[in-house]
Amino acid sequence: MAIRIPEINTLVPEIQEVARALVKATGNGSVPSGTISLVYLRAGQLVGNTYQVLRHTSDLRRAGESEERIACVASWGDATCFTDAERAALALTDAVFQPNPRGEERVPDDLFAEVAEHYDEKAQATLTAVIASAGFWMNVALVLKPPPAGQAA
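Residues numbered from 1 in each chain as written. Predicted model: local features only at pLDDT ≥ 70, side-chain atom pairs only at ≥ 80, totals over all residues. Heavy atoms only, no water.

Brief notes about the packing of helix α6 (residues 84-97) against helix α8 (residues 121-144)
Part 1 of the argument: Orientation of α6 relative to α8, taken along the N-to-C sense of each, is 45°, at an axis distance of 11 Å. Judged on the interaxial angle alone, α8 and α6 are oblique. Once α6 is placed against α8, the crossing between them reads as right-handed. Contacts between α6 and α8 involve Ala89, Leu92, Thr93, Val96 and Phe97 from the first element and Leu127, Ile131, Ala134 and Gly135 from the second.
Part 2 of the argument: Each residue belonging to the contact of α6 with α8 can be placed in one class, and the counts come to 7 nonpolar, 2 polar and no charged. (Axes fitted to C-alpha atoms, helices over the stretch in contact; angles between N-to-C directions. Helix = DSSP H or I, 4+ residues; strand = E, 2+ residues; numbered from the N terminus. Parallel < 35°, antiparallel > 145°, perpendicular 65-115°, else oblique. Left-handed = near helix turned anticlockwise from the far one by under 90°. Contact = heavy atoms within 4.5 Å. Nonpolar A, V, L, I, M, F, W, Y, C, P; charged D, E, K, R; others polar.)

As structure tokens, then:
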């Protein structure tokens, strides 16, 4: 199946402004770019979006990330190859993108406190923007169905 709206950037040129703003906001240096890519990959896995999974797996490979760490993102909870800061970012991603446990808060105070142990306030705000950006792009990809990276439409 071809991408559903191949000319979205022409039809809604403001999307490029949104993209530039998100790249600028999330790339301010307060959160390592590798952590940002891990968060995007994990969000893609949780939502079940092949386009996003392949795109961010490719980004991680180009950045020199090991195959072991890329493969372990899916089971990061018991993988030993992530730093405590990366684990906190992945836990926050899981909390935001996974279904809400019955009657439980999605991002409880203890999880936020764990994130705060590893990231200053600017990095916490940036990580929040990264997760929001992942959600924005995930929804665009789910609706438009672009072909997965390296696959023909």
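What about a nonpolar patch on the surface?
Part 1 of the argument: Nonpolar side chains collect at one region of the surface, where Ile5, Leu11 and Val12 lie side by side and expose about 250 Å² of accessible area between them.
Part 2 of the argument: Along the chain, Ile5 falls in the segment before α1 (8-11). (Patch = residues over 30% accessible without salt bridge, like charges linked within 9 Å, V, L, I, M, F, W, Y side chains within 5 Å. Areas by Shrake-Rupley, 256 points an atom, 1.4 Å probe, with all protein chains shown as cover. Salt bridge = Lys/Arg side-chain N within 4 Å of Asp/Glu carboxyl O.)

Concerning the pattern of salt bridges
Part 1 of the argument: Evaluated as defined, the whole model comprises 5 salt bridges.
Part 2 of the argument: Residues Arg42 and Asp94 are paired through a salt bridge, measuring 2.7 Å at the closest nitrogen-oxygen approach. Of this pair, Arg42 sits in helix α3 (residues 33-47) while Asp94 is found in helix α6, placing the two residues 52 residues apart along the sequence. Assigned by exposure class, Arg42 and Asp94 land together as buried.
Part 3 of the argument: With a closest N to O distance of 2.7 Å, Arg69 and Glu86 form a salt bridge. Linking Arg69 in helix α5 (residues 67-72) with Glu86 in helix α6, this pair joins segments that are 17 residues apart in sequence. In terms of burial, Arg69 and Glu86 fall into one category: buried.
Part 4 of the argument: The network of salt bridges with common partners includes Glu65, Arg69 and Glu86. (Buried < 20%, exposed > 50% of the residue type's maximum accessible area, 1.4 Å probe, protein only.)

Side note on the layout of surface pockets
Part 1 of the argument: As a volume, the largest pocket reaches approximately 620 Å³.
Part 2 of the argument: Every residue lining the largest pocket is counted, 26 residues in all, and those nearest its centre are Ala19, Gln52, Arg55, His56 and Trp137.
Part 3 of the argument: Elements represented by at least two residues in the lining of the largest pocket include exactly α1, α2 (14-26), α3, α4 (50-62) and α8.
Part 4 of the argument: For the lining of the largest pocket, the class distribution of residues is 15 nonpolar, 9 polar and 2 charged. (1 Å grid on protein atoms, 1.4 Å probe; cavity = no way out; pocket = protein on both sides within 12 Å on 5 of 7 lines; lining within 4 Å. Points joined across faces, edges and corners; volume = space filled by probe spheres on them.)

Structural measurements only, silent on function.
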